[in-house]
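# Examination of the molecular architecture
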2 protein chains.
Amino acid sequence: MSIQSPTLNVSILSKDASALAEEIENSWPTPSTLNICQAVITPEQINTDKVEVLLADPNLASKVIHQCNGLTWCQSTWAGNAPLLNLDKTDYILTGVKGVFGKLMREYVFAYLLQYARNIPAFSHNQHQQPPIWEESPRSPLTGKTLGILGAGSIAQALIPVAKSFEMRVIGLSRSGQSVEGFDKVYRATDLLNFAQDADHVVNLMPDTPSTAGTLNQAFFDALKPHSVFINAGRGSAVIDDALLNALDNNLLQAAILDVFTQEPLPDNHPFWTHPKVVVTAHTAAVSSPEDVASVFVANATRYIVNEPLLYQFDFSKGY
Amino acid sequence: MSIQSPTLNVSILSKDASALAEEIENSWPTPSTLNICQAVITPEQINTDKVEVLLADPNLASKVIHQCNGLTWCQSTWAGNAPLLNLDKTDYILTGVKGVFGKLMREYVFAYLLQYARNIPAFSHNQHQQPPIWEESPRSPLTGKTLGILGAGSIAQALIPVAKSFEMRVIGLSRSGQSVEGFDKVYRATDLLNFAQDADHVVNLMPDTPSTAGTLNQAFFDALKPHSVFINAGRGSAVIDDALLNALDNNLLQAAILDVFTQEPLPDNHPFWTHPKVVVTAHTAAVSSPEDVASVFVANATRYIVNEPLLYQFDFSKGY
């Protein structure tokens, strides 16, 4: 005996539309209750009249969402959703993808922190000299250091067990400064400079909101340590680019690992590309696979059908 | 009221002799009970007649230890002690340095595993093209993979919490194959090929004993996976160099990270230096500082004075 559920009419608007459709069809528990009515890759292709439940890349959805009058729920394929949160349409439920980014983010962050801790480039340089150089290069272990994380949400929390396994101290920063399990200390956002002074290395994971834009300015970089590695894997808008470049030129920090930028792709002539202390990765730190996104969508759709609260819901008034 | 202890006559023979002497003097609990009668950096400089307690680099000590007739205890500055264990003088207590290497080793191992997992060289290559390339390069997360550790001792165990924090499965290999806390499985040494087939990446941490020499041969490398990263941070004698080079040339594994070699320094003309899939680090994976060694020495000396069993004692009959 099975409960008869109504059919869910799903529209997909994503660069990965066909992979998402296939993954969802494969993992949907009761096929007769699913109707993927359109799966398209550009905003021009979507029939907005048919949109009820929408699974979409938020940058694409933002171009058509005002015409989607029948929209009740949009499942975004991203973690951050500034393109939709910045609009004035708020008469629908917006959910994001969470939980899948932490596993990738922790590998990204520690790959680069360890690259500097172990001075991999110096050993590589020595190996490739003629004759090669058998020599110890200076290293600076992570053990005993303090990792500062701007943000204290689920992705930030995914870094904690790794940091602890290297016996690092972990501090966070959040709007409220409320304590969060695993952090040795959480600073209030207004206490940013004390946070910066307390950290050896800093990872930015703050979402893109009006209150975070431009907060990583000259005063922030001034407060870092000369050995600090700064990683931006949150949003580019948090960083004042010129302040960071000045700080690097004045040896106020060791290096900057940048995954996100105000303008993406990063323009060819931007000084970040060629600065000797900057590593540019192409917004790839934590990319969700269609499989990951489909699994979050199916979990949420199952809740939607039976009127349970959805996971990873955004609050339009807070902007995250 | 203090207990009157006899004075300990200590000889030091080490490239770090003066730093060791200073560290020991600074941390010795009761100065009147310590007599550092000589602290020298070459075997030629030591007065062997005066040697009772010896703190020494084992490669240097091996040159003079046969003349040290009054020797009762030698604290080595190394973890591995093949230079002394391979001699026929066994009428003294030999202790090593342990516990301090794990913290450095785990950073070395994961720095290189993550370098491949995140494909750092490909992103770096893209960044330095003209014009630069904004592109995702293929990555292969550690999460869900199996880390195989040859060895199951204290340094091997130090890798486990880090591997677990990345949600890796961890298998070990030891002479007995007895289960060890933290390992998902421990293979017997005779089961090496099954171990190799079960692992995604392999770290060798086996000590240099007659039974480990040459065990990492063609059959072993054949059993690895094409995506395997092989790290040798144990002893060079375990690896058949030609078998490893052949395996790399035939894409039987992805890369080899080599810290230790049969002959050190690695000769300038050895093919490891220039092989595109080999990374050479100069026996630097886990180097103990004079401070670390002094702290182990003082802890053991305190036990020696009151006739308590010493820590990290070697068994001449087993060779480790």
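First things first, this report covers the structure right here in the doc. (Residues numbered from 1 in each chain as written. Chains lettered and ligands numbered in written order. Predicted model: local features only at pLDDT ≥ 70, side-chain atom pairs only at ≥ 80, totals over all residues. Heavy atoms only, no water.)

### With respect to the sheet that holds strand β3 (residues 53–56) of chain B
Residues and elements named next belong to chain B. Our working rule: One bridge is not enough; two strands pair if DSSP finds at least two bridges between them. Secondary structure elements are taken from DSSP: a helix is a run of H or I of four residues or more, a strand is a run of E of two residues or more, and numbering for both begins at the N terminus. As a rule, the C-alpha atoms of each element are fitted with a line to give its axis, helices using only the stretch in contact, and angles between N-to-C directions run from 0 to 180 degrees.
Taken in spatial order, the five strands line up as β2-β1-β3-β4-β5 in an open sheet, and their pairing is parallel. One side of each edge strand has no neighbouring strand; the edge strands of this open sheet are β2 (34–40) and β5 (93–95). Each strand axis lies, on average, 20° off the axis of its neighbour in the sheet, ignoring direction. Where strand β1 (residues 8–13) meets β2, six bridges bridge the pair, whose relative direction is parallel.

### Overview of the pairing of strand β1 (residues 8–13) of chain A
All names here are of chain A. Threshold: With a 1.4 Å probe rolled over the protein chains alone, any residue whose accessible area is under 20% of its type maximum counts as buried; one over 50% counts as exposed, and the rest are partly exposed. Look down the strands so they point away from you; if going from the first strand over the helix to the second traces a clockwise path, that crossover is right-handed.
With respect to burial, β1 is a largely interior element, five of its six residues being buried. For the crossover that starts at β1, traverses helix α1 (residues 17–27) and ends in the parallel strand β2 (residues 34–40), the hand is right-handed. Pairing of β1 with strand β3 (residues 53–56), which is carried by four bridges, proceeds in the parallel orientation. Its bridge partner being in β3, Leu13 is matched across the sheet by Ala56.

### Some details on the pattern of salt bridges
Should their charged atoms come close, side chains of opposite charge can pair. In plain terms, the rule: Within this document, salt bridges are pairs made up of a side-chain nitrogen of Lys or Arg and a carboxyl oxygen of Asp or Glu, the two lying within 4 Å of each other.
Scanning the entire structure with this criterion turns up 14 salt bridges over all chains. With its nearest N and O atoms 2.5 Å apart, the salt bridge here joins Lys164 of chain A to Asp184 of chain A. Pair noted here: Lys164 of chain A is in helix α6 (residues 154–165) and Asp184 of chain A is in the loop between β7 (169–174) and β8 (185–188), with a separation of 20 residues, a long-range link. For Asp91 of chain B, the salt bridge is made with Lys89 of chain B, and the minimal N-O distance between the two is 3.0 Å.

### Concerning the relation of the copies chain B and chain A
Put simply, the rule is: Least squares is the method for superposing the copies, and the C-alpha atoms it fits come from residues with pLDDT of at least 70 in both. When checking whether two residues touch, look at their non-hydrogen atoms; a contact exists if any pair is within 4.5 Å.
Mapping chain B onto chain A is achieved by rotating through 180° and translating by 0.0 Å along the same axis, at an RMSD of 0.1 Å. Both copies of the chain, as the preceding transformation shows, are related through a two-fold rotation axis. Comparing interface residues between copies, 100% of those in chain B also lie at the interface in chain A; the contact surface is shared.

### Regarding the interface of chain B and chain A
Spelled out, the test is: A 3.5 Å cut-off defines polar contacts: any pair of N or O atoms within that distance qualifies, except that in protein one atom must be a possible hydrogen donor and the other a possible acceptor, and neighbouring residues in sequence count only when both atoms are side-chain atoms. Gly counts as polar in this scheme, as do all residues outside two lists: the nonpolar Ala, Val, Leu, Ile, Met, Phe, Trp, Tyr, Cys and Pro, and the charged Asp, Glu, Lys and Arg.
Counting from both sides, the interface comprises 47 residues of chain B and, opposite them, 47 residues of chain A. Linking chain B to chain A there are four salt bridges. The shortest N-O distance in the salt bridge between Glu167 of chain B and Arg106 of chain A comes to 2.9 Å. Counting across the chain B and chain A interface gives 27 residue pairs in polar contact (both at pLDDT 80 or more). Those elements giving two or more residues to the side of chain B that touches chain A turn out to be α4 (102–117), α5 (120–127), α6 (154–165) and β12 (278–280) of chain B. Counting residues per element, the side of chain B that touches chain A draws most heavily on α4 of chain B, which supplies 11 residues. Class assignment for the residues of the side of chain B that touches chain A results in 29 nonpolar, seven polar and 11 charged.

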